[in-house]
Protein chains: 2
Amino acid sequence: MNQSTRQAQRRDALVAALRRVAGERGILQANVRTVAAEADVSAGSVLYYFPTFDDLVAAAVEGVLEEFYERRRRIAEEVADPRERLRAMIDAGIPDEISSDLRIVYESIALLPERPQLRPLHRSIVERQVMLYRTTLEIGAGVGVFRPRTPVAAIARNLVALEDSYDMYPLIGLGLDRDECRRAVLDYAALALDCEL
Amino acid sequence: MNQSTRQAQRRDALVAALRRVAGERGILQANVRTVAAEADVSAGSVLYYFPTFDDLVAAAVEGVLEEFYERRRRIAEEVADPRERLRAMIDAGIPDEISSDLRIVYESIALLPERPQLRPLHRSIVERQVMLYRTTLEIGAGVGVFRPRTPVAAIARNLVALEDSYDMYPLIGLGLDRDECRRAVLDYAALALDCEL
DNA sequence: CAGAAAGTTGAATGCATGTTCAAGTTCCTT
DNA sequence: AAGGAACTTGAACATGCATTCAACTTTCTG
């Protein structure tokens, strides 16, 4: 194993450690010492691989957001039938339990004023998720299975907005029934697309 | 003016100062010194009125959340006609510019792991907002102007979820057109209630 | 007006944090 | 095996933070 890949592994291990700490105890509990302990290394080692701790936080948030999107994209591309795909996307978008990653997504919003580099990441994830839905809706509309009653761009945005809120609510202790949430979103999609789901 | 009301005024001034700092520079920039400077007092004074700085933060977040809800409740009670009321609620729920208060609402989510007392406040605001919509929908359904195509409880929840996301997006730099957002929510309501809006 | 109560201050304290670094260890290359 | 590069460590340092407090000023009260 050459040196640069071992370096990359080490960095990944630190990112993973930060994600565990932030996901379990809150992003504000993630600092050089807690992450070092979680990764079973010294504080000095953390800063050997990342010039500043902020860089590690940025890498972790970026990783979380990218994985988050990537998971949804994969689900979308796996299912060909528009109706099935839409159902799969909504199911995946409103998971049964709030993952620690989701927690990082929302808690990291508080970091944005002090770390402007993170802003484009957040924005672009929402935009890409909207595009994912939009493409699906347009395919379905194209083959006639969806008959959109309002602009598809607006429907796609609404679907992402619903998902985002229903994913955030558990963080504030609002334990809505996840099946009901999915049903509510599906019902909206069915109405807006004039199509049974 | 008696002593206890002057004390209350002083506390309110500190709460207001914290809200200004948090709203303009981010909630993580709010600390004893920045708030003291904003209120033109010394750091010692801040802690004369609040036993700990956390208590001040809690008071400010509670104030923001309560005002937030109160504003919406007042709008709802001012308009009798269900269709008009619903329109007014959605208009108020998706303001043209993100207020500094809204910023505090979302950024304070990151504080929850370390300040569990705040969790019930957040939860209860969402719940009460849902109740506000639900009541309006039920009145409209009762008089026949709304003909809900799905359970009103679910429609009310969806409306609040849409609002919450569209209010959060500006914080991550996603500058969607506010008119379009309102239109998208209104279009959903119109579909779900089988009623022109 | 005098004494007490309330309010204010800014320096001092203690703790947590990010970062540096000299010293040591492990790994790789020749 | 030798020497150098990569890595690791933990103590040390600087900074920022909430909090305390003794001294002082203002306001109230009888």
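Scroll up for the structure.
Criteria and thresholds
- Going along each chain's sequence as written, the residues are numbered from 1 onward.
- As a convention, the first chain written is A and the first ligand written is 1, with the rest following in written order.
- Totals for whole chains, interfaces and linings use all residues, but because this is a predicted model, local features are given only for residues with pLDDT of at least 70 and pairs of side-chain atoms are given and counted only at 80 or more.
- Side-chain calculation: all heavy atoms of the structure are included, whereas hydrogens and water are not.
- Under the scheme used here, helices are H or I runs from DSSP no shorter than 4 residues and strands are E runs no shorter than 2 residues, and both carry numbers assigned from the N terminus.
- Only protein chains enter the accessibility calculation, which uses a 1.4 Å probe; a residue is then buried when its area is under 20% of its type maximum, exposed when over 50%, and partly exposed in between.
- Copies are brought into register by a least-squares superposition over C-alpha atoms of residues with pLDDT of at least 70 in both.
- We call two residues in contact whenever any of their non-hydrogen atoms come within 4.5 Å of each other.
- Residues are classed as near a molecule or strand on a simple rule: at least one heavy atom within 4 Å of it.
- Counted as a polar contact is a pair of N or O atoms within 3.5 Å, where, for protein atoms, one must be capable of donating a hydrogen and the other of accepting one, and residues adjacent in sequence contribute only when both atoms are in side chains.
- For this classification, Asp, Glu, Lys and Arg are treated as charged, while Ala, Val, Leu, Ile, Met, Phe, Trp, Tyr, Cys and Pro are nonpolar and the rest, including Gly, are polar.
- The salt bridge criterion pairs a side-chain nitrogen of Lys or Arg with a carboxyl oxygen of Asp or Glu, the two atoms within 4 Å.

Asker: Help me out: how do you make sense of unusual backbone geometry in this one?
Answerer: Residues apart from glycine generally show negative phi values, whereas peptide bonds are mostly found in trans. In this model, Asp194 of chain A sits at a positive phi of 50 degrees, which is unusual for a non-glycine residue. Structurally, Asp194 of chain A can be placed in the segment after helix H9 (178-193). Asp194 of chain A sits in the partly exposed class, given a relative accessible area of 35%. In this model, Asp40 of chain B sits at a positive phi of 60 degrees, which is unusual for a non-glycine residue. With respect to the element layout, Asp40 of chain B can be found in the loop between helix H2 (32-38) and helix H3 (43-49).

Asker: Help me understand the relation of the copies chain A and chain B, please; the structure alone is not making it clear to me.
Answerer: In summary, the two copies of the chain are related to each other by a rotation about an axis coupled with a shift along it. Screw-axis analysis of chain A against chain B gives a translation of 0.0 Å along the axis, an RMSD of 0.0 Å, and a rotation angle of 180 degrees. What we have between these two chains is a two-fold relation. A high fraction, 100%, of the interface residues of chain A reappear at the interface in chain B, so the copies pair face to face through one surface.

Asker: What am I meant to see in the protein's contact with DNA strand C here?
Answerer: Close contacts around DNA strand C come from 17 residues, with Asn31 and Phe53 of chain A together with Gln7, Ser42 and Tyr49 of chain B the closest. Near the protein, meaning within 4 Å, the atoms of DNA strand C are sugar or phosphate in a fraction of 67%, with bases accounting for the rest. Contact distances for DNA strand C include 2.6 Å between a phosphate oxygen and a backbone N or O atom of Phe53 of chain A. At 3.4 Å from a phosphate oxygen of DNA strand C is found a side-chain nitrogen or oxygen belonging to Arg6 of chain B. Of all the secondary structure elements, the ones that give two or more residues to the surface near DNA strand C are helix H2 (32-38) of chain A together with helix H1 (3-25) and H3 of chain B. Split into classes, the residues belonging to the surface near DNA strand C amount to 6 nonpolar, 7 polar and 4 charged.

Asker: Looking at this structure, how should I read the pattern of salt bridges?
Answerer: When the charged atoms of two side chains with opposite charge come close together, those side chains can pair. Residues and elements named next belong to chain A. Counted according to the given criterion, the structure contains 36 salt bridges over all chains. Two residues, Asp101 and Arg71, come together in a salt bridge whose shortest N-O distance is 3.9 Å. With a gap of 30 residues between them, Asp101 in helix H6 (residues 100-107) and Arg71 in helix H4 (residues 53-78) connect regions that are remote in the sequence. On the accessibility criterion, Asp101 (13% relative accessible area) is buried.

Asker: Just checking my understanding: could you explain the protein's contact with DNA strand D for this structure?
Answerer: Every one of the 18 residues lining DNA strand D counts as a neighbour, but Gln7, Ser42 and Tyr49 of chain A together with Asn31 and Phe53 of chain B are closest to it. The contact atoms of DNA strand D, taken as those within 4 Å of the protein, divide so that sugar and phosphate hold 65%. At a separation of 2.8 Å, a phosphate oxygen of DNA strand D approaches a polar side-chain atom of Gln7 of chain A. Between Tyr48 of chain A and DNA strand D, the recorded distance is 3.1 Å, taken from a side-chain N or O atom to a phosphate oxygen. Of all the secondary-structure elements, those providing two or more residues to the surface near DNA strand D are helix H1 (3-25) and helix H3 (43-49) of chain A together with H2 of chain B. For the surface near DNA strand D, the residue count by class is 6 nonpolar, 7 polar and 5 charged.

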